[in-house]
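# Examination of the molecular architecture
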Amino acid sequence: MRFFSDNAASVHPNVIAALNAANNVDTAYDGDALSQSLDASFSTVFECDVSALWISTGTAANALALASMCPPHGSVICHKDAHIQIDECGAPEFYTHGAKLLLGDGEGAKLSPSTIHAIAGSIRKDVHQAQPHMVSITNATEYGLTYRADEVGAIGETARQLGLGFHMDGARFANALVHLGATPAEMTWRSGIDIVSFGTTKNGTMMSEAVIVFDKEIAEVLRFKHKRAGFLHSKMRFFAAQLIAYVVDGLWLENARAANGTAQRIAERLAATPGVTLAHPVEVNQIFAHIAPAAHKSLQQAGIDLRRWGSSGGDLYRLVTSYCDPEALVMRLEAALAGARTSTAGR
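Right, let's walk through the structure included here. (Residues numbered from 1 in each chain as written. Predicted model: local features only at pLDDT ≥ 70, side-chain atom pairs only at ≥ 80, totals over all residues. Heavy atoms only, no water.)

## Here we look at the sheet that holds strand β11 (residues 316–320)
Strand order in this open sheet of four strands is β8-β9-β11-β10, and the pairing throughout is antiparallel. Only two strands of the sheet have a single neighbouring strand rather than two, namely β8 (276–278) and β10 (307–308). Here β8 pairs with strand β9 (residues 286–291) via three bridges, running antiparallel. Of the residues in β9, the one forming a bridge with Thr277 is His290. Packed onto the sheet, helix α14 (residues 293–301) meets β8, β9 and β11 and runs at close to 125° relative to β9. (Pairing = 2+ DSSP bridges. Helix = DSSP H or I, 4+ residues; strand = E, 2+ residues; numbered from the N terminus. Contact = heavy atoms within 4.5 Å. Axes fitted to C-alpha atoms, helices over the stretch in contact; angles between N-to-C directions.)

Okay, structure coming up:
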């Protein structure tokens, strides 16, 4: 099951150490020293003055981020395969108190300016339809593709022209950055992003995500929604400790490089295996591949269990690597693929 999801990865030892160091008596809620230093830590990361709110799940991070900018009578433009549409059980609609998601298409779960214009243009400007208030993209996308900074910027300009807020779901933000060689600033506020769901749990923390806000007024709205939704934990220092350990000294980028590197290594072996076809370019730590029954059987016999992707029962599988995948496990997968190649060649 180790390639089923990077959510299964262990907590990084540096994060465990930070949690232990925070295990003392301090002020409750967000008045402790760690929580008070969080804005400054993330302002350094993003090269500007930001507000950072910590939260325990990525679903809540996305939903509250959208709720801070989209009213109940509004709508959010996103891809039809976006996590906020497919995998969050209506949480965006719940936290916005009823806003709609307007769905677009695009290869690899990527939106384009033309698609956004088309969706926005299809909405009548009257009270009978929920007016667009935001655009939301995922970087890296649900199929492991990345938006370059110029692509984000083009969408940001489109959002500005249409008067829309701009949200980025960054569940695998670190993986996208190291693939592109971009900076957090280039990928976000310099490209028009208003608010980011900054994922960390998939990449080394225990249970602490962040919402990064580049506008103080939006941040103030979010703080009240954060409390009202029940996420202002009384011992917030344990959340802040994880996030600070995650970003200090570039741990988050180091972990992402390791996960991406393992994915590239496995993807090369998969692409050379008869009966296996990569469905999308492998840019981060997600691999999507069509795997024929014979090749899949070889993997199963080696104890490698993969997640079948989609509900159709087809041959598309997803493999997700993490920063802590042991060498022995990767070698076992490689040996299984080598066996599949030998078996096919002998026929």
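## Considerations on the environment of Leu253
Within the secondary structure, Leu253 is located in helix α13 (residues 251–271). When the C-alpha atoms of Leu253 and Leu177 are compared, they prove to be 7.9 Å apart, with 76 residues separating the residues in sequence.

## Description of helix α9 (residues 173–180)
Within α9 the residues assigned to the buried category are Phe173, Ala174, Asn175, Ala176 and Leu177. Where α9 is buried, its residues contact α3 (38–46), β5 (165–170), α10 (184–187), β6 (195–198), α12 (237–247) and α13. Following α9 by one or two positions, Gly181 has its phi on the positive side, about 70°. (Buried < 20%, exposed > 50% of the residue type's maximum accessible area, 1.4 Å probe, protein only.)

## Structural notes on the pairing of β9
Here β9 lies mainly inside the structure; five of its six residues are buried. Relative to β11, β9 is paired through five bridges, and the arrangement is antiparallel. Residue pairing for β11: Ala289 is matched across the bridge by Tyr317.

## Considerations on the side chain of Asp6
Along the polypeptide, Asp6 turns up in the segment before α1 (13–21). Judged by relative accessible area, Asp6 falls into the buried class, the value being 0%.

## Examining helix α7 (residues 113–121)
Of all the residues in α7, the buried ones are Thr115, Ile116, Ile119 and Ala120. Down the axis, α7 shows its buried residues gathered within 130° of arc, on one side only. Relative to its buried face, α7 has exposed residues pointing more than 90 degrees away, namely Ser114 and Gly121. Buried positions along α7 lie against β2 (74–79), β3 (100–104), β4 (131–138) and α8 (149–162). (Arc of directions from axis to C-beta.)

## Some thoughts on the packing of α9 against α13
Orientation of α9 relative to α13, taken along the N-to-C sense of each, is 75°, at an axis distance of 8 Å. Comparing the axis directions of α9 and α13 gives the class roughly perpendicular. In contact with Phe173, Ala174, Asn175, Leu177, Val178 and His179 of α9, α13 contributes Trp252, Leu253, Ala256, Arg257, Ala259 and Asn260. Partitioned by chemical class, the residues of the contact of α9 with α13 number eight nonpolar, three polar and one charged. (Parallel < 35°, antiparallel > 145°, perpendicular 65-115°, else oblique. Nonpolar A, V, L, I, M, F, W, Y, C, P; charged D, E, K, R; others polar.)

## Let's talk about the sheet that holds β2
With respect to topology, seven strands assemble into an open sheet ordered β1-β7-β6-β5-β4-β2-β3, the strand pairing being mixed. Each of the sheet's edge strands pairs with one partner strand only, and the pair in question is β1 (51–55) and β3. The average angle at which neighbouring strand axes cross in this sheet is 25°, direction not considered. Pairing analysis gives four bridges linking β6 to strand β7 (residues 209–213), with the strands arranged antiparallel.

## Concerning the side chain of His12
Positionally, His12 belongs in the segment before α1. Apart from the residues lying within four places of it in its own chain, the contact partners of His12 are Gly204, Leu251, Asn255 and Tyr323.

## A few points about the nonpolar core
In terms of nonpolar packing, the biggest core is built from 70 residues, with Phe42, Phe46, Phe198 and Ile212 touching the most fellow members. In contact with Phe46, other than residues within four places in its own chain, are Phe173, Pro184, Ala185, Thr188, Trp189, Phe198, Ile212 and Phe214. Counting residues in hydrophobic clusters, the runner-up holds 21 residues, among them Ile266, Val282, Tyr317 and Leu337. (Core = buried A, V, L, I, M, F, W, Y, C linked by side-chain atoms within 4.5 Å.)

## Re the packing of aromatic side chains
A full pass over the atoms with the stated rule returns 12 aromatic pairs. With a centroid separation of 5.2 Å and 85° between ring planes, the pair formed by Phe42 and Phe198 is classed as edge-to-face. Within this pair, whereas Phe42 is found in helix α3, its partner Phe198 is found in strand β6, the two being separated by 156 residues in sequence. Take Phe42: its relative accessible area is 0%, and that puts it in the buried class. Judged by centre distance (6.3 Å) and plane angle (15°), the ring pair of Phe46 and Phe173 falls under stacked. Of this pair, Phe46 sits in helix α3 while Phe173 sits in helix α9, and the two are 127 residues apart along the sequence. On the basis of relative accessibility, which here comes to 0%, the residue Phe46 falls in the buried class. Through a chain of ring-to-ring contacts, the aromatic side chains of Phe42, Phe46, Phe173, Phe198, Phe214, Tyr246 and Trp252 assemble into a single cluster. In this structure, Lys110 packs its charged tip against the face of Tyr147, placed 5.3 Å from the ring centre. (Phe/Tyr/Trp six-rings, centres within 6.5 Å; stacked < 30°, edge-to-face > 60°. Lys NZ or Arg CZ within 6 Å of the ring centre and 35° of its normal.)

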